[in-house]
Structures are given as structure tokens and as C-alpha cells.
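Structural features, examined
Next come the chains, spelled out residue by residue.
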Amino acid sequence: MKRVLTGIQPSGVLHIGNYFGAIRSTVRLQEECDDAVVFIADLHSLTVQPKPEELRERVRGVAVDFLACGLDPEKVIFFRQSDVNVVCELMWILNCQTGVGLLERAHSYKDKIAKGFAPNNGLFSYPVLMAADILLYHANLVPVGKDQKQHLEMTRDIAIRFNQQYGDVLTIPEPYISGEVAVVPGTDGQKMSKSYNNTIEIFGEPKAIKKKIMSIQTDSKGLEEPKDPDTCTIFALYKLFATPEQQAEMAERYRAGNYGYGHAKLALFDAYMDFFAPMRKRREELLADPGYVDAVLKRGAERASELAHATMDEVRKAVGLR
Ligand code: ADP
Ligand code: TRP
């Protein structure tokens, strides 16, 4: 049996780029494999020192949003990373196997330095904590986006080195590319990202969402002119929500002329609302029942702890701590 594992950073309000780029494929994992582990990587987010209250809120927000988007805690072990704190012990042990040169080559670390961040040791050793996350649960497959691929390669290097020194204790994971590498454009046509202030949230207020959709940038073709759907951000977003027939219909209207960008934006807004309606409803229910979300995370942490403690017994024995 293959175990799939992934972590999500609680880094802000979720947008539709996150949904189509990451959340949907994570939720689908539960249908595709019998053994899935998903956690909220709150320890990783400390590297950028969020305000304590904000971090607590975001962790809760991500938990609620993932459950609303269909993550089923009966099928997936879903928990908060910091609730299974032996991950920090494993990280220390792995730190002692990790060359400084390896970490110095991390793109994410180099990017942060290039952006003028004063790097802390947490940021530097971020990939080692990620390795500990993966190796603690003997994960076989780790779904990753392009930006995380190097971190996974580092996990493999660290685990191989550990096994060479101490015997076959750790499972060497493989990256898992889900095949849905859509880059969702933002309202300005660049990649949608919270750092670019061009996002459309998954669970935003309908009025605010409508305003954002109406602000999507287009060329200045007039109402009557024929338009090219394939270079238009509105159409690129509409495709995410619409059936192939609906897409063909809108493309036809673009090409025929007498169809304005305003019309397309309203169609996009309706499609967005229809698509997320069941998830919004579920989210309201979850928000009304905070005890349920707490219980899900607690149960997830218990199940994850069992797996983690079994691994730690083997690791401690292997390195001579027991
Ligand atoms: P942001 O760029 O808003 O900071 P994150 O880096 O926190 O988003 O991304 C979280 C997850 O969502 C990652 O797996 C990332 O690949 C995915 N993701 C983010 N933005 C997009 C996008 N515009 N298109 C596709 N996937 C995205
Ligand atoms: N670093 C990942 C990200 O920023 C989150 C993460 C932490 C993770 N630990 C992990 C992903 C382990 C996969 C496996 O998106």
C-alpha cells in the first residue's frame, strides 16, 4: 500500500489559484489512494514570524476551508503539524545528516535572500523540517508543485544518507505530479498570487468577488468587435468552472462579436458562484460548529502520533539514543 502525504502552509486567505492548483488535487487523493496524510504546516510558517493571533486564525481557517472543499477526515489523517511534536526531534537527527552545502543550494532560500529577507536559521533549515514531515510518516508519494520539487529531492538525499549510515530505516519518497499543473491567472493576467494583490478568493463575500471579477483587465476592444478567447483572462478563468459545452458557447460568442467583456465577466461570476455554492454551504455549517473542527484535528493528531511514535522508536534505536 502506498501512503500519500502532503502539507499545506497556513499562509493566508485561500484563492482560486490555490483551489485549482493544490486543494482540488489534495481532496482527490482521498479517492485515489487508501492511505493519505494531510497536515497544516504551522511550524513552517513560523519562519516568517506571523503574529500569534493571526497564525492561530489562519490554521483554523485553512482547516475549515479544506473540510469545506471536501476533505473527508474519515478517509484522510488530517492534523496540525505542531500537534505531533516529535517531528522536531526527527528534524534534529536529520539536521546532523544534512550538509550545509545542500541547504545553501535551496532555491527558496536563495530567493528569500535575494528579496532582502534577513534569513533566520529556520528559513535555512526549512527543507530539513519538510524532510522530517515526510520521513516521520513513511510516505511513499508526495504531491508537490514545481516550487517544492527541490525540497523533495533534498528529502530523498537526506533519507538515503541516513539509511547508508544506520540501515534501512527510512522510506525513500517519490514526488507525485498530479497532472493538473494549471497556472491560474489573476485579475491582472499575471499568475494569481496573494503577493500580487490580484486574487479572487474562494470564500469571499459575493459583492466583493463580483467587484474583483468586474475589474479583470482586458484589451480595449469595443462591444461589437470579434474577440480572441484564447488570450483573454476572463475566458481562462471561465474555463475552470464551465463544462466543455459552456466553454465552446462562450468562445463562439467572443469570435462572433457583439459580446462585450462585461457580459463575459457576469457569466464568469455566475459560474464561480454555482461552482462554489455547495462548498460555501458546507463552510457555513462548519463555522457554526467549531467543536467539530477541533475534534477532527484532535483525532487526526492522535492517528498521526501513533504512526510517528513507531517511526521514532526505530530511528532512536538506529542512531543509538536507545
Ligand atoms: P500564493 O502564490 O498566493 O502565495 P502559495 O504559494 O501559498 O500561494 O500556494 C499554495 C499552493 O497553491 C501551492 O501548491 C501553489 O502551487 C498553488 N498555487 C498558488 N497560486 C496558484 C496559481 N495561480 N495557479 C495554480 N496554482 C497555484
Ligand atoms: N513546504 C510546503 C509548501 O510551502 C508545505 C509543506 C511542509 C509540505 N511540509 C511538507 C509539503 C511535506 C509536502 C510534504 O507548500
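Residues numbered from 1 in each chain as written. Chains lettered and ligands numbered in written order. Predicted model: local features only at pLDDT ≥ 70, side-chain atom pairs only at ≥ 80, totals over all residues. Heavy atoms only, no water.

1. Considering the nonpolar core
Counting 57 residues, the largest nonpolar core has Ile16, Phe78 and Tyr254 as its most contacted members. Ranked by the residues each element gives to this core, the list is headed by helix H12 (residues 261–287), at nine residues. No fewer than three residues from each of domain 1 (4–182 + 290–319) and domain 2 (203–284) sit in this core. Leave out the neighbours within four places in its chain, and Tyr254 touches Glu225, Pro226, Lys227, Asp228, Pro229, Cys232, Ile234, Phe235, Tyr259, Tyr261 and Ala264. In this structure, Val87, Leu102, Ile158 and Val169 belong to the second largest nonpolar core, which totals 43 residues. (Core = buried A, V, L, I, M, F, W, Y, C linked by side-chain atoms within 4.5 Å. Buried < 20%, exposed > 50% of the residue type's maximum accessible area, 1.4 Å probe, protein only. Helix = DSSP H or I, 4+ residues; strand = E, 2+ residues; numbered from the N terminus. Domains from an automatic or database assignment. Contact = heavy atoms within 4.5 Å.)

2. Examining helix H11 (residues 244–256)
Side chains that are three or four residues apart share a direction in an α-helix, a result of its 3.6 residues per turn. An ideal rise of 1.5 Å per residue puts 18 Å on 13 residues; H11 measures up with 18 Å between its terminal C-alpha atoms. If you check which residues of H11 are buried, you get Gln247, Met250, Ala251 and Tyr254. Mapping the buried residues of H11 onto a view down its axis gives an arc of 100°, with all of them on the same face. Exposed and oriented more than 90 degrees from the buried face of H11 are Glu245, Glu252 and Ala256. Of the surrounding secondary structure, the elements contacted by the buried residues of H11 are helix H10 (233–241) and H12. Where H11 terminates, the next one or two residues include Gly257, which has phi positive at roughly 85°. (Expected span 1.5 Å × (residues − 1). Arc of directions from axis to C-beta.)

3. Here we look at the side chain of Gln30
Mapped onto the elements of the fold, Gln30 is located in helix H1 (residues 16–32). Of the residues examined, Gln30 reaches a relative accessible area of 8% and is grouped as buried. A polar atom in the side chain of Gln30 sits 2.9 Å from the backbone oxygen of Gly70. Those residues in contact with Gln30 that lie beyond four places of it in its chain are Gly70, Leu71, Asp72, Lys75 and Val76. (Polar contact = N/O pair within 3.5 Å; in protein donor to acceptor, adjacent residues only side chain to side chain.)

4. With respect to the pattern of salt bridges
The tally for this structure, following the rule as stated, stands at 16 salt bridges. The shortest N-O distance in the salt bridge between Asp294 and Arg60 comes to 2.7 Å. With Asp294 in helix H13 (residues 290–319) and Arg60 in helix H3 (residues 52–68), this residue pair connects regions lying 234 residues apart in the sequence. A relative accessible area of 42% places Asp294 in the partly exposed class. Judged by relative accessible area, which is 27%, Arg60 ranks as partly exposed. (Salt bridge = Lys/Arg side-chain N within 4 Å of Asp/Glu carboxyl O.)

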